[in-house]
Each structure stands twice: as C-alpha cells, then as structure tokens.
Amino acid sequence: MIGPLTDRVIVITGASSGIGAATAVECAKAGMDVVLNARRKDRLEAVAERVREHSRRAVMVIGDVAEPGMSNHILNAASSEYGRFDAVFANAGYGAESEMLSFTMDETRKMFEVNFFAAVDLLRDTSMRLIELGSPGHLLMCTSCLARFSLPLHGAYCATKAAQHQICWAMRGELRQHNIHVSSVLPITTTTEFFEVSARNSGREAKQGMVPDHAPKFFTQPPERVARAVVKCLIKPRPEVWTSVTVRMMAGLMTMFPFLADRIGREQMRRA
Ligand SMILES: NC(=O)c1ccc[n+]([C@@H]2O[C@H](COP(=O)([O-])OP(=O)(O)OC[C@H]3O[C@@H](n4cnc5c(N)ncnc54)[C@H](OP(=O)(O)O)[C@@H]3O)[C@@H](O)[C@H]2O)c1
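Now for a look at the structure at hand. (Residues numbered from 1 in each chain as written. Predicted model: local features only at pLDDT ≥ 70, side-chain atom pairs only at ≥ 80, totals over all residues. Heavy atoms only, no water.)

1. Details of the site of the ligand
Working step 1: Of all residues adjacent to the ligand, which total 30 residues, the nearest are Ser16, Arg39, Tyr157, Thr190 and Thr192.
Working step 2: Between Ser16 and the ligand, the recorded distance is 2.8 Å, taken from a side-chain N or O atom to an oxygen atom.
Working step 3: Here an oxygen atom of the ligand sits 2.9 Å away from a polar atom, N or O, in the side chain of Lys161.
Working step 4: When the free accessible area of the ligand is taken as 880 Å², the share hidden by the protein chains comes to 96%.
Working step 5: Of all the secondary-structure elements, those providing two or more residues to the shell around the ligand are helix H1 (18-29), strand S2 (33-38), helix H5 (155-175), strand S7 (189-190) and helix H6 (194-201).
Working step 6: For the shell around the ligand, the residue count by class is 12 nonpolar, 13 polar and 5 charged. (Near = heavy atom within 4 Å. Polar contact = N/O pair within 3.5 Å; in protein donor to acceptor, adjacent residues only side chain to side chain. Areas by Shrake-Rupley, 256 points an atom, 1.4 Å probe, with all protein chains shown as cover. Helix = DSSP H or I, 4+ residues; strand = E, 2+ residues; numbered from the N terminus. Nonpolar A, V, L, I, M, F, W, Y, C, P; charged D, E, K, R; others polar.)

2. Remarks on empty space enclosed by the protein
Working step 1: Counted under the stated rule, the structure contains 2 cavities of 30 Å³ or more.
Working step 2: Approximately 90 Å³ is the volume attributed to the largest cavity.
Working step 3: For the largest cavity, the full set of lining residues is Thr13, Val65, Ser71, Ile74, Ala90, Asn91, Ala92, Val114, Ala118, Ala119 and Leu122.
Working step 4: Broken down by secondary-structure element, the contributors of at least two residues to the lining of the largest cavity are helix H3 (70-82) and helix H4 (105-133).
Working step 5: Of all the elements, H4 adds the most residues to the lining of the largest cavity, at 4 residues.
Working step 6: In terms of lining residues, the second largest cavity is bounded by Ala96, Ser98, Met100, Phe103, Leu153, His154, Gly155, Ala156 and Tyr157.
Working step 7: Per-class residue counts for the lining of the second largest cavity are 6 nonpolar, 3 polar and no charged. (1 Å grid on protein atoms, 1.4 Å probe; cavity = no way out; pocket = protein on both sides within 12 Å on 5 of 7 lines; lining within 4 Å. Points joined across faces, edges and corners; volume = space filled by probe spheres on them.)

3. Some details on the packing of aromatic side chains
Working step 1: The full count for this structure, using the stated rule, is 5 aromatic pairs.
Working step 2: Ring centres of Phe112 and Phe116 lie 6.1 Å apart, and the angle between their planes is 75°; on these two criteria the pair is classed as edge-to-face. Taken as a pair, Phe112 and Phe116 lie in helix H4 at a separation of 4 residues, close to a single helical turn. One exposure class covers both Phe112 and Phe116, and it is buried.
Working step 3: With centroids separated by 5.0 Å and ring planes inclined at 65°, the aromatic side chains of Phe116 and Phe117 adopt a geometry described as edge-to-face.
Working step 4: Residue Phe116 is classed as buried on the basis of its relative accessible area of 12%.
Working step 5: Connected via pairs of aromatic rings, a cluster forms that spans Phe112, Phe116 and Phe117. (Phe/Tyr/Trp six-rings, centres within 6.5 Å; stacked < 30°, edge-to-face > 60°. Buried < 20%, exposed > 50% of the residue type's maximum accessible area, 1.4 Å probe, protein only.)

4. As for a nonpolar patch on the surface
Working step 1: Together, Leu253, Met256, Phe257 and Phe259 line one region of the surface with nonpolar side chains, adding up to about 420 Å² of accessible area.
Working step 2: Its location among the elements puts Met256 in helix H8 (residues 245-256).
Working step 3: For Met256, a relative accessible area of 58% puts it in the exposed group. (Patch = residues over 30% accessible without salt bridge, like charges linked within 9 Å, V, L, I, M, F, W, Y side chains within 5 Å. Salt bridge = Lys/Arg side-chain N within 4 Å of Asp/Glu carboxyl O.)

Any functional reading would require information beyond the geometric quantities listed.
In structure tokens, the structure reads:
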C-alpha cells in the first residue's frame, strides 16, 4: 500500500497516447505527479500539458524503453526532479497482426524487447531502489486479457503478454515482504492507436479508425476506463486489474474448456 495518492509520484512508460496518456491524466486528477516516457516528444508534451492543467507536475523522458539503461535513466529523472517515486506503470508496448510463419524471429525478438524485457527491467530496477530506500511501492504492468488466452494472428504479441503476466505474479510473491505491490493490468480491446500501429507493423494499411472491423464491438472500451481502474488499484492494490467481468469469466472458462478457445480462434480467423 502506498497510501493516499496526493503528492505521490508515478512513472508511466508509453505515456504519449492511449492507455498511458489517459492514466497520466487520471493520476494527475488523483493528485499524483508524473514521469512520462515515450519516443514522440510532441505527443508527450501534449500529455504533460494536460497533467499540468490539473495542477500537478510532469517530467518527460524521451526515448525507447528498449534502449539499454533506459529504466535507470527514467528513475533518475524521477529522483532528481521529485526526490522520490512511489509507483511505476510499465505500459509501453505494441502488437502486430500476423501469422507466425510470416512474422520473422527478429520481429518476435524485437517485440519481446519492448513489451517484455523493458517492462521487467523497469520493475526490477524500481524494486531494487525501493528496497534500498526501505520505501513501499506499487509496480503495475499493462499486460492484456490476451495474457490469459491466445488468438491466431497474434501469437507473438500474446506470448509477450503472457510472459509479462507470469512475471508479475512471481514478483508479487517475492516483493510482498518489502511492502511492494505488483499488479497485472489486463485490458480488453481498447480504442487507442494500438491497432493502427499493429496494422503498420503487419505491412497493412494503417486505418485511423482505430479498432479493426472484426473486433467485437461489445468488447471494446475507451482508454479512460483502463486509466480509472489503474487509479483504483493504486488506491487499493490488487493482483489483477480487469475491466470486463465477462472477458475475465471467459478467460477462466477457456482455461477449463480449451475447446472454447479453439472455437473463438476459428471465428477470429474467419472474421480476419
Ligand atoms: N489497445 C488495446 O486493445 C490493448 C489491449 C490490451 C493491452 N494493451 C496494452 O496497452 C499498452 C498501451 O497500448 P495502447 O493501447 O495505449 O496503444 P498506443 O496508443 O499505441 O500506445 C502505445 C504507447 O507505447 C509507446 N511505445 C511503443 N513502443 C515504445 C518504445 N519502444 N519505447 C517507448 N515507448 C514506446 C508509444 O509511444 P511512442 O510511439 O511515442 O514511443 C505509446 O505511447 C500496450 O502495452 C498494449 O499491449 C492494449
């Protein structure tokens, strides 16, 4: 438990758009100061401005999370600007919609570098520093409901998300003794630039319509919904943050009855 959120500091990667940007604003509304990371400076500046509109401070660290030493660089910025950090949200990530036979091993490794290794690096560096300081803290990772079941055409992405989710659970058990909470955030389809980026990564035309036509509309949500759930979890830490009870139940059912997952996979291929 990091206690009341007022004047606490949260580090958010992938804060220039979508879930990360919405979470930065929601955290500011809750009284937190923020450290924002992403590669696009102009977009990050716009988010920092929105944070300041809520009378909170924002520091920007521009750069690729997969660059060696980036997590320490981000944490150094938090320490020098605020003299503290209480929470991190490892959120930077991307996807690709591609069959595994078309998605090269280099592309798969690159995706793991950003989605998985960079996120783990940030959580590890943060916990080591918090332990040294004897401070409590809260580490969150943006995984996905696809950490719990996989879909055709999203194999590499689902694998990165499942790996993130498993690490969260292990670290949660290990860090409890240090009063550090770890939470896995499992959004369902969220209306962000994710799908545009995903299409571009898959060599397809990147439509600005955000969510692809074959995504069931019933299971889509705005990024603000995830952001509010993250703030709720910061106030009252939980192992997992779900934003859809239905999908959570489906994930449980698919574990028990794999043929259901198979049916959904077949339907996904038909729609695609
Ligand atoms: N949208 C969904 O349906 C959905 C569902 C479940 C989980 N998620 C997860 O939610 C997270 C956020 O995605 P989103 O939906 O908000 O999509 P988004 O709008 O495309 O946001 C992705 C963010 O990650 C940043 N990013 C990507 N690669 C980076 C890198 N190498 N270094 C630093 N920053 C990087 C992007 O910023 P720059 O391009 O400026 O660097 C951007 O701020 C991802 O981890 C994604 O897997 C999304």
